[in-house]
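Residue-level structural notes
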2 protein chains.
Amino acid sequence: MIGPQPGDEHAATCGPVRVVGTGLLGASVGLGLRRFGIDVGLADPSPTAVALARDVGAGRLACDDDEPTLVVVAAPPDVTAGVVVAELAAHPSAIVTDVASVKGTVLADVRAAGADLTRYVGSHPMAGRERSGPAAALPDLFAGRPWVIVNSGATRPEAVLAVRNLAVDLGAVPLAMDATTHDHAVATVSHLPQLVASLVAARLRDAPPQALELAGQGLRDVTRIAASDPQLWTAIFAANAAAVRTELAALRGDLDVVLAALGAATGPATPADGVLATLARTMAAGNDGVARVPGKHGGVSRTYAQVSVLVPDTPGSLAALLAAIGETGVNLEDLVIEHAAGRLAGIAHVSVVPEAAAHLETELTARSWTVVR
Amino acid sequence: MIGPQPGDEHAATCGPVRVVGTGLLGASVGLGLRRFGIDVGLADPSPTAVALARDVGAGRLACDDDEPTLVVVAAPPDVTAGVVVAELAAHPSAIVTDVASVKGTVLADVRAAGADLTRYVGSHPMAGRERSGPAAALPDLFAGRPWVIVNSGATRPEAVLAVRNLAVDLGAVPLAMDATTHDHAVATVSHLPQLVASLVAARLRDAPPQALELAGQGLRDVTRIAASDPQLWTAIFAANAAAVRTELAALRGDLDVVLAALGAATGPATPADGVLATLARTMAAGNDGVARVPGKHGGVSRTYAQVSVLVPDTPGSLAALLAAIGETGVNLEDLVIEHAAGRLAGIAHVSVVPEAAAHLETELTARSWTVVR
């Protein structure tokens, strides 16, 4: 019932696989491969981390005489290149990949060390959780996520194929990309949003308690990822500093235009010509940008129809609603619960394919649910 | 089953009530009051909007000889003061309130016009939806939301009480605040996040399609409100320009520090002393700020325990999970579905009171759900 089951299919990956770094990502790789019975040897500088990864089922402790066919380096970004170089040297017939979230600096460092690039494949699974460490690992962590695969230019085709197979075995969607394209892409869609969410959240430190009482869902959404791990993100920002700086500088340019417009709009008089147009243009540009963000299923964003339903905040209410939706045979594409601070009723916004919306509304209304049209 | 029912209790509000401006907020006020049988007269410069509001049940069309005891002005922020002044003059015994999301400029303009401040009460219900217009109105729109009430200093106590009663009748939580405190608060918790979300989303306009394929839940959360209405927000920013500018300038100062650190971190050498500490401090400040954002039920944030469960992306799966949770008698405090782009399994993160987490995990596991620990 719950995702792909072990034994359902054969893995394309040939073991033994060595996983170096048994945090969230490394332990999840091990867990995913163990479902196919693949031999996984685990290594980590922290004896606690590696023992914990073993205990959650990610594999066995690595031995000195292991002869892996594939090494997965899942270390922090600032030490990844060094570990990759060491693994390439220690296992001269193995293919070595890493899963660091920045690819250009890692590749440059591996190349500068004179390592064997024909066996090295940089990669980046776009997966993560707010919790970290092997205890948070999931065999399904990569299911459905893009997994970027970087050919260094010198990489042998069979090495690229091996990492592609690893991604597919773990349920991910492989995506070939060069290191520079990748690093600019994550600067735009991941590193910039992270930085800006942290900057907005930082403004709340000194806000009076009364101000925070006025917080709504918008603030919660914008600042959620500001709870992320400072050490990990510091390493990511430093490793991708040039691309992140380009994005942040561009945003600052746009911000300065808004700041100037707000300055011109301050005071009792009607704002000068063009001031309001500047503010409206900023909002419209945001409209255009957010429309490009893909929905749940990747690819070009699909517009779902939204059905909104009142839900009392009592045990079982949401379950009853979703049971009713399940009975109609309509699949939920997304569900957002609108919170009602301090009180009893919420609104569930249910996204479904447009063809199903009218049917769902009719069926829910027939079951005495209040559909908000 | 669905929220407070008409007839369950008596309203403290005495009608007739006149609603001027029948968009989302005005029509929702009408709908909420009609549940108590209160006479509501509707007015709007748009004949279509007022007829639509009547048709959804928000009240009757206003007549020239109406003698309202309370007038609710629900007009765009840039015309609110003018409408308030006109209504105070047209209905010399009525109490007049408005629901604009900026309070200082409205109060200043009403005062400057020499209007009768003893009968005027500025207010701001912290409610809204991504959809607008009377067709999106909800009688429960204000349920559980803070409703800020501003005493001008010259306002009579019975006028403040009348608006407080209105808020309570509509299910909101009244919150007394002066106009300046309010405007700075919303600049911090609402207007700044809106602007910044739009600025981040605007960076996506020119991003290559491949970059957008790497988008994850973080980007979706940060940019969701960038889909908001440009015209409404332009009026809000202009009306609260000074406070928004202060917040944005402060954020720009923090941003410049990050920009300088990223500049110093660019290049092959190890970053200079203090550069990484600057980046880590920015992230840590964000950690501290987001920890102050109140949870669903308002007040100081309560830490819920999170139980994470694998959910296949098939009709009825989420419903089955929530039915199982309902059977355990545990109340969902929050639910976040982690999307799995392009594939079949998702993870439902269920927030519950900490005391209930272990029980819930045991019960779900006993029902064959895969709980991720």
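What comes next is a walk through the structure. Worth saying up front: this structure is predicted, and the values here are computed from it rather than measured. Starting afresh in each chain, residues are numbered from 1 along the sequence in its written order. Written order decides the labels, with chains lettered from A and ligands numbered from 1. Two thresholds apply to this predicted model, a pLDDT of at least 70 for residue-level local features and 80 or more for giving and counting side-chain atom pairs, whereas whole-chain, interface and lining totals are computed over all residues. The basis for every side-chain value is the complete set of non-hydrogen atoms in the structure, without hydrogens or water.

1. A few points about the pattern of salt bridges
- A pair is scored as a salt bridge if a Lys or Arg side-chain nitrogen falls within 4 Å of a carboxyl oxygen belonging to Asp or Glu. As enumerated under the stated definition, the model contains 30 salt bridges over all chains in all.
- For Glu87 of chain A, the salt bridge identified is with Arg18 of chain A, shortest N-O distance 2.8 Å. In this pair, Glu87 of chain A sits in helix 3 (residues 77–90) while Arg18 of chain A sits in strand 1 (residues 17–20), placing the two residues 69 residues apart along the sequence.
- We call a residue buried when its accessible area falls under 20% of the maximum for its residue type, exposed when it is over 50%, and partly exposed in between, using a 1.4 Å probe and counting protein chains only. Taking relative accessible area as the criterion, Glu87 of chain A reaches 7% and is therefore assigned buried.
- Classification of Arg18 of chain A by relative accessible area gives buried; the value is 15%.
- Asp256 of chain A is the salt-bridge partner of Arg252 of chain A, the closest N and O atoms lying 3.6 Å from each other. Of this pair, Arg252 of chain A and Asp256 of chain A both sit in helix 10 (residues 241–265), 4 residues apart, roughly one helical turn.
- What makes Arg252 of chain A partly exposed here is its relative accessible area of 23%.
- Each of Arg252 and Asp256 of chain A together with Arg252 and Asp256 of chain B takes part in a single network of salt bridges with overlapping partners. Helix numbering and strand numbering both begin at the N terminus, where a helix is a DSSP run of H or I of at least 4 residues and a strand a DSSP run of E of at least 2.

2. Brief notes about the interface of chain A and chain B
- Residue contacts are counted whenever heavy atoms from the two residues lie within 4.5 Å of one another. Listed as interface residues are 139 residues of chain A and, on the opposing side, 140 residues of chain B.
- A quick way to say it: buried area is the sum, across both parts, of accessible area lost when two parts are put together, with a 1.4 Å probe. For the pairing of chain A and chain B, the buried interface totals around 12500 Å² over both sides, and the portion due to carbon and sulfur atoms is 68%.
- The three residues of chain A that bury the most area against chain B are Leu214, Met283 and Arg292 of chain A, which together make up 6% of that side's buried surface.
- Here chain A and chain B share 8 salt bridges between them.
- If one sorts the elements of the side of chain A that touches chain B by residue count, helix 10 of chain A sits on top with 18 residues.
- Grouping the amino acids of the side of chain A that touches chain B by side-chain chemistry returns 79 nonpolar, 34 polar and 26 charged. Residues are grouped as follows: Ala, Val, Leu, Ile, Met, Phe, Trp, Tyr, Cys and Pro are nonpolar; Asp, Glu, Lys and Arg are charged; every other residue, Gly included, is polar.

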